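# Working through the structure, step by step
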Amino acid sequence: MKFELSDSKMFKDCFLTVGTIIDEIIIEADNDGLRCKALDKSHITFVSLEMDYDFFDSYECTVPEKLILDSNELIKVLKRCGSGDRLICESDVSNFILRYDGDSTRSFTLRLIDTDYESPVPPSISHPVSLDLPVDTLKDFLDDISLFDENVHFMVDADYLVAMCSGDTGDAICKYIHGVSVDDVYESRFSINKLKEMLQAKSLSKDCTLSLGDDLPLVLRLESSMGDCRLEFLLAPRLSEE
Amino acid sequence: MKFELSDSKMFKDCFLTVGTIIDEIIIEADNDGLRCKALDKSHITFVSLEMDYDFFDSYECTVPEKLILDSNELIKVLKRCGSGDRLICESDVSNFILRYDGDSTRSFTLRLIDTDYESPVPPSISHPVSLDLPVDTLKDFLDDISLFDENVHFMVDADYLVAMCSGDTGDAICKYIHGVSVDDVYESRFSINKLKEMLQAKSLSKDCTLSLGDDLPLVLRLESSMGDCRLEFLLAPRLSEE
Amino acid sequence: MKFELSDSKMFKDCFLTVGTIIDEIIIEADNDGLRCKALDKSHITFVSLEMDYDFFDSYECTVPEKLILDSNELIKVLKRCGSGDRLICESDVSNFILRYDGDSTRSFTLRLIDTDYESPVPPSISHPVSLDLPVDTLKDFLDDISLFDENVHFMVDADYLVAMCSGDTGDAICKYIHGVSVDDVYESRFSINKLKEMLQAKSLSKDCTLSLGDDLPLVLRLESSMGDCRLEFLLAPRLSEE
């Protein structure tokens, strides 16, 4: 496998986000592109990252490969990639090599982890509501709610997506006009910290798609404007009894 | 009581400053506007904040009210108000409600504290010297002096406002030409930390007015350009024996 | 001794850098300018700073002087010099006085340390290789290598300056085309932290000169564009056995 990117921003952001959620990154590569699917250690967040071959300036993978990398090692090396650097990645039998080409050439060789994981299969859920909103609005809502609670209570009705909480010292209610057709009222609760972890991949898209139901897992989806890079999260709800 | 502000910057800065000095904020509202007068726990700083009804875009208060709020709760909610948000505040019998209107609507409800405080009355002092200087200059002086001492020694003579100190490892002397008529030399000493707390309300005005005397409490006054928002501090001096 | 500078940036940067490496700064001044030569406490880095009389807007020193200052005290006072301030320095028999003239006048008096040090004499080394590279490139290389090791392994061959390391979790190799004539291959190792300390004086020059050999001490040299301010470091190598 070998691929190149002249603008590494999205690639970097996606893997930094995935790497903060899961400890070991499993990259599956074939002719179509890269896929990275994983469940976090606490089994609360399912992550799915897909980069099609045409997301890259050049991409080559004749034989399907599975690479397993330590997230912390990959993160610290990716952070060294400057905004003007060309990124060239390559794998050999026991290493993943990242090269940054700018005024100078800098190469990093990371050892592959030699375990065999099965990529997890996410549950298939059909959500009654799916709506788009700006990533920054969702971020604001989470920061607002976190003043009084560590969980956010989402409610969707005919007009609004509502994020709310009621704490000892105060309440917060945030409303966004969603503009889609919703026939009922749906409510569910989630960990704010888990949601914040997902919103780091901000260079991918200004908007995100949120799918919700009654006490159902939430799906948060970010997609590049060309559709060739997709990052999706499935997050288990907090039950009302908690 | 209900009021609105399209630009919340000054309102935010004033209450953030007052809130870091005192633990519980007492807002007295009537037809003329808001007043907030308080003495800090150590009885060293007296704070007075006045916002006239015409400081607000709209203001309504038919019956005089007294609201008591926890400073930390108010501060964390005020910090969530974005620069482009319209601020709408309202009180009911047991809550103070802050609403931020932007692309979305975000409401925060804070519980009122149910105690009855008497607003303190500040001592009436007539100062021999009153002079204007840029807030940034005063800030620089305090940062300079804090290299060698935790108190600042102010001296005013015919030409200069002088801030100085003499420490074990060095001395610092800062001079500003005050441009007012001063007939004698006046000296007094103050806690630098207490003075720095007051200078956070920087959006209110570029300049401040400083009133000084011989071992007298200092008065520091910040005022909006329209004169409809006034923030005043009275600070007890450190005596030379200390 | 008395000197003035309308732009204090380089002066500040040079002494901040020297001050973080050595505990007590010895300034020797005469008709030609200032010199400051010192060995750090661990005897690993030798520092030499030279500022010619024409580096200053005005400079006067009729009798040679030797001033010894506590680095921490000098650093905290230098940090208070604003970018728009005119710097005026003066010595008397027991003090070094720094004055910052802007909208106001701020003076700092630092006590001289009353010990007599002999300025150390650096070893005279003839290096087989001397090359120029951007300070930022060298910084990037050191940050890259520090991901996997605390020492950097430099190698110079006919074409490249190479910085590299091999760690447990990964390797890094950084290459820069040096553009000078090198007849052999030279290798040496150095502490990354010690090198990073030297690169703070970034306002002095975009490029630095690096002199290297086989297990020889390294010389790093920064020079102002006019050549009137020179900062040079000599750093002992880590031996391969370490």
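Residues numbered from 1 in each chain as written. Chains lettered and ligands numbered in written order. Predicted model: local features only at pLDDT ≥ 70, side-chain atom pairs only at ≥ 80, totals over all residues.

## Focus on the overall build of chain A
- The helix and strand tally for chain A stands at four helices and 17 strands.
- The C-alpha atoms of chain A give 19 Å as radius of gyration, which agrees with the globular expectation for 242 residues (18 Å, within 12%).
- Projected onto its principal axes, the C-alpha coordinates of chain A cover approximately 55 × 35 × 35 Å.
- Considering chain A as a whole, with its 242 residues, one finds that 35% of them fall into the buried category.
- Contacts in chain A between residues at least 24 apart in sequence constitute 64% of all its contacts with a sequence separation of at least 6. (Helix = DSSP H or I, 4+ residues; strand = E, 2+ residues; numbered from the N terminus. Rg over C-alpha atoms; globule rule 2.2 N^0.38 Å. Buried ≥ 20, exposed ≤ 12 C-beta atoms within 10 Å, placed from the backbone. Contact = placed C-beta atoms within 7 Å.)

## Examining the interface of chain C and chain B
- Taken together, the contact pairs 14 residues of chain C with twelve residues of chain B.
- At the level of secondary structure, the elements contributing two or more residues to the side of chain C that touches chain B comprise helix 2 (71–78) and strand 9 (105–111) of chain C.
- In terms of residue count, strand 9 of chain C provides more of the side of chain C that touches chain B than any other element does, seven residues in total.
- For the side of chain C that touches chain B, the residue count by class is three nonpolar, four polar and seven charged.
- Where strand 13 (residues 170–177) of chain B lies against strand 9 of chain C, six bridges are found, and the strand directions are antiparallel. (Nonpolar A, V, L, I, M, F, W, Y, C, P; charged D, E, K, R; others polar. Pairing = 2+ DSSP bridges.)

## Quick word on the relation of the copies chain C and chain B
- By a simple turn and slide, chain C fits onto chain B: the slide is 0.0 Å along the axis, the RMSD is 0.0 Å, and the turn is 120 degrees. Considering both components of the superposition, the chain copies are consistent with a three-fold axis. Proximity to the rotation axis, assessed at the C-alpha, singles out Ser83(C) in chain C; its C-alpha lies 17 Å from the axis. (Least-squares fit on C-alpha atoms with pLDDT ≥ 70 in both.)

## Focus: the packing of helix 1 (residues 9–21) of chain C against helix 2 of chain C
Residue and element names in this part refer to chain C.
- The N-to-C vectors of helix 1 and helix 2 enclose an angle of 150 degrees; their axes lie 9 Å apart at closest approach. As judged from the angle between their axes, helix 1 and helix 2 are roughly antiparallel. Classified by chirality, the crossing of helix 2 by helix 1 is left-handed. When helix 1 is examined against helix 2, the residues Lys12, Phe15, Leu16 and Gly19 are found in contact with a partner set consisting of Ser71, Leu74, Ile75 and Leu78.
- Taken together, the residues of the contact of helix 1 with helix 2 break down into five nonpolar, two polar and one charged. (Axes fitted to C-alpha atoms, helices over the stretch in contact; angles between N-to-C directions. Parallel < 35°, antiparallel > 145°, perpendicular 65-115°, else oblique. Left-handed = near helix turned anticlockwise from the far one by under 90°.)

## Quick word on the sheet that holds strand 11 (residues 151–156) of chain A
- Taken together, nine strands build an open sheet; the order of strands is 14(A)-11(A)-12(A)-13(A)-9(B)-8(B)-7(B)-1(B)-5(B) and the sheet is antiparallel. Sheet topology places strand 14 (186–191) of chain A together with strand 5 (58–60) of chain B at the edges, where each strand pairs with a single neighbour. Between one strand and the next, the sheet's axes are offset by a mean angle of 15 degrees, whatever the strand orientation.
- Sitting on the sheet, helix 3 (residues 135–145) of chain A is in contact with strand 11, strand 12 (160–166) and strand 13 (170–177) of chain A together with strand 9 (105–111) of chain B, with an inclination near 165 degrees to strand 13 of chain A.

## Notes on the nonpolar core
- Among the nonpolar cores identified, the biggest contains 199 residues, and Cys14(A), Cys14(B) and Cys14(C) are the most heavily contacted of them.
- Not counting the four nearest positions on each side in its chain, Cys14(B) is found in contact with Leu49(B), Ala201(B), Leu204(B), Cys229(B) and Leu231(B). (Core = buried A, V, L, I, M, F, W, Y, C linked by C-beta atoms within 7 Å.)

## Notes on the pairing of strand 15 (residues 207–212) of chain C
All names here are of chain C.
- The side-chain alternation of strand 15 yields one buried face, formed by Cys208, Leu210 and Leu212, and one unburied face, formed by Asp207, Thr209 and Ser211.
- Both strand 10 (residues 129–134) and strand 15 contribute to a ladder of six bridges, which runs antiparallel. Its bridge partner being in strand 15, aspartate 132 is matched across the sheet by threonine 209.
- Of the strand pairs in this sheet, strand 15 and strand 16 (residues 218–223) are connected by three bridges, and their pairing is antiparallel. Bridge pairing in strand 16 links leucine 210 to leucine 220.
- From the end of strand 15 to the start of strand 16, which pair antiparallel, there are five residues, and aspartate 215 there has a positive phi angle of about 50 degrees.

## Concerning helix 2 (residues 71–78) of chain B
- Along helix 2 of chain B, the positions that sit buried rather than exposed are Glu73(B), Leu74(B), Val77(B) and Leu78(B). The buried residues of helix 2 of chain B all sit within an arc of 125 degrees when viewed along its axis, so they share a single face.
- On its buried side, helix 2 of chain B packs onto strand 13 of chain A together with helix 1 (9–21), strand 2 (24–30), strand 6 (65–70), strand 8 (95–101) and strand 9 of chain B. (Arc of directions from axis to C-beta.)

Limitation: the analysis is restricted to geometry and does not speak to function.
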